[in-house]
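# Structural overview for review
Spelled out, the chains give:
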Amino acid sequence: MTLPIERAQTIAHVLIEALPYIQRFQGKTMVIKYGGNAMVDESLKQGFARDIVLMKLVGINPVIVHGGGPQIGSLLKRLGKASEFVQGMRVTDSETMDVVEMVLGGLVNKEIVNFINRHGGSAVGLTGKDGDLIHARKLLLHRGAPELKATEIVDIGHVGEVQSIDPSIIHMLVKSNFIPVIAPIGVGEDGRSYNINADLVAGKIAEVLGAEKLLLLTNIPGLLDAEGKLISELEVGRVQRLIEDGVISGGMLPKIRCALDAIQSGVKSAHIIDGRVEHAVMLDLFTDTGVGTLIRAR
């Protein structure tokens, strides 16, 4: 079937625009935090899988870290167990942790692997417990108690933070031409499993791998200014001023801090991109305009 000349020329222009980016990023590692709408909309899931396969085929090494909060909440609801949150973190007792492991390490992880493999990739799913990948420690939240003139420590169960990363298994998979798909579950020195924020895990993995880029998929266009307009590019030096001015607040704070930590540890740039946009990863990597907010050292 012959394409109309206009469409064929459009495709050619797209490929030519992508060429210098493909050349620049060949052999580089990109860590992608996958979550939000991109994980629940069928067409977006298909598009994401194709993006990842294409990245691998042109010589880029994608490493995926995924979330799964909505899926966990949905299963807990079906089991008749209420979800409780403290400072945005899910209270995770032993029973809830069993559900977290089943959803993140099983259902969600294997679905992502399956989508990538169906589109011609070779993905391998793992959790932070596999290959001693993620060492975790218990996360203790601090809540002010003015009447006691002290800070109350809040125990929210099997919720952790990254203590260290051993990337050996990731290096082995990448060298063998596989695409790692990682569920953010770590293990502590006490042998217990811990649920860890996927943004934080992605940031730490990007740091230890010396990744070229850290991409965080979200459900918003990117970082917005005080007037609600997209900030397309942001230098690290401006971030603190935006926090003090209240422009960066709420759920965006952990993402920004995660991005800053990664950049300050050697990752070249971090990108907060809209996962609701079809082929957002490709648009951000391989076009002049990109999508979302680029954060760089300077």
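Residues numbered from 1 in each chain as written. Predicted model: local features only at pLDDT ≥ 70, side-chain atom pairs only at ≥ 80, totals over all residues. Heavy atoms only, no water.

Taking an unreviewed UniProt entry as the reference, the protein chain is identified by name as Acetylglutamate kinase belonging to Thiorhodococcus drewsii AZ1. In its Function (unreviewed entry) section, the UniProt entry covering the protein chain states "Catalyzes the ATP-dependent phosphorylation of N-acetyl-L-glutamate." Looking at the Pathway (unreviewed entry) heading of the UniProt record, one finds this comment for the protein chain: "Amino-acid biosynthesis; L-arginine biosynthesis; N(2)-acetyl-L-ornithine from L-glutamate: step 2/4." (UniProt positions renumbered as here; feature names shortened; annotations may be inferred.)

### Considerations on the UniProt feature "site: Transition state stabilizer" (unreviewed entry) in the protein chain
The UniProt record annotates "site: Transition state stabilizer" (unreviewed entry) at Lys 33 and Lys 255. In terms of the greatest pairwise C-alpha distance, the residues named above, spread along 223 residues, form a tight cluster of at most 10.5 Å across. Looking at the element boundaries, Lys 33 is found in strand β1 (residues 29–34). According to the relative accessible area criterion, Lys 33 is buried, its value standing at 10%. With near-sequence residues (within four places) excluded, Lys 33 lies in contact with Val 65, Ala 198, Asp 199, Ala 202, Leu 215, Leu 216, Leu 217 and Lys 255. With respect to the helices and strands, Lys 255 occurs in helix α8 (residues 252–264). (Helix = DSSP H or I, 4+ residues; strand = E, 2+ residues; numbered from the N terminus. Buried < 20%, exposed > 50% of the residue type's maximum accessible area, 1.4 Å probe, protein only. Contact = heavy atoms within 4.5 Å.)

### Considerations on helix α6 (residues 198–209)
A rise of 1.5 Å per residue sets the reference length of α6, with its 12 residues, at 16 Å; its end C-alpha atoms lie 16 Å apart and thus fit the reference within 8%. With 9 of 12 residues buried, α6 is to be regarded as a mostly interior element. For α6, the full list of buried residues reads Ala 198, Asp 199, Val 201, Ala 202, Gly 203, Ile 205, Ala 206, Glu 207 and Leu 209. Two to three positions downstream of the cap, the backbone nitrogen of Asp 199 sits 2.9 Å from a side-chain oxygen, assigning the N-cap of α6 to Asn 197. Downstream of α6 by one or two residues, Gly 210 has phi in the positive range, about 60°. (Expected span 1.5 Å × (residues − 1). Polar contact = N/O pair within 3.5 Å; in protein donor to acceptor, adjacent residues only side chain to side chain.)

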